[in-house]
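# Observations on chain architecture
Listed below, chain by chain, are the residues.
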Amino acid sequence: MEVNIKAIHFDISEKLVAFTNKKIDKLTRRFDVISTVEVNLRLIKPETAMNKEAGILLVVPGSPDLFASKTADSFEEAIDLALSALEPQLEKLKGKK
């Protein structure tokens, strides 16, 4: 499985990369049909509260791509929220197969 993490408008830290990989690893262990994960982390300008956005795209062969995007005060929280939004989509997809 391939994981691509992009940071838009900021330099990503190793700690954030490790956190993201850990969360995605948990998800892909539960749903082994995922072939590619693309994570876009964006710092929304201007600097205000709720200015960190995480968009996560899951590529599942033979199915439409799944996507969720959430905005929060921290990237970690935004990633958690986006992954939580993707889980029901994956459950639904898993139920169809």
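Rules behind the numbers
- Residues numbered from 1 in each chain as written.
- Predicted model: local features only at pLDDT ≥ 70, side-chain atom pairs only at ≥ 80, totals over all residues.
- Heavy atoms only, no water.
- Pairing = 2+ DSSP bridges.
- Helix = DSSP H or I, 4+ residues; strand = E, 2+ residues; numbered from the N terminus.
- Axes fitted to C-alpha atoms, helices over the stretch in contact; angles between N-to-C directions.
- Expected span 1.5 Å × (residues − 1).
- Buried < 20%, exposed > 50% of the residue type's maximum accessible area, 1.4 Å probe, protein only.
- Arc of directions from axis to C-beta.
- Contact = heavy atoms within 4.5 Å.

Turning our attention to the sheet that holds strand β3 (residues 52-59). Read from one edge of the open sheet, 4 strands run β1-β2-β3-β4, paired in mixed fashion. Two strands bound the open sheet, and with one partner strand each, they are β1 (2-8) and β4 (66-72). Neighbour to neighbour, the strand axes of the sheet diverge by 10° on average, direction disregarded. Examined bridge by bridge, β1 and strand β2 (residues 36-43) share 7 bridges and lie parallel to one another.

Once that is clear, we can look at helix α1 (residues 14-30). For α1, spanning 17 residues, the distance from its first C-alpha to its last is 25 Å, which sits close to the expected 24 Å at 1.5 Å a residue. Those residues of α1 lying buried are L16, T20, I24, L27 and T28. Down the axis, α1 shows its buried residues gathered within 95° of arc, on one side only. α1 presents E14, K15, K22 and R29 as exposed residues on the side facing more than 90 degrees away from its buried surface. Looking at the buried side of α1, the elements it contacts are β1, β2, β3 and α2 (75-96).

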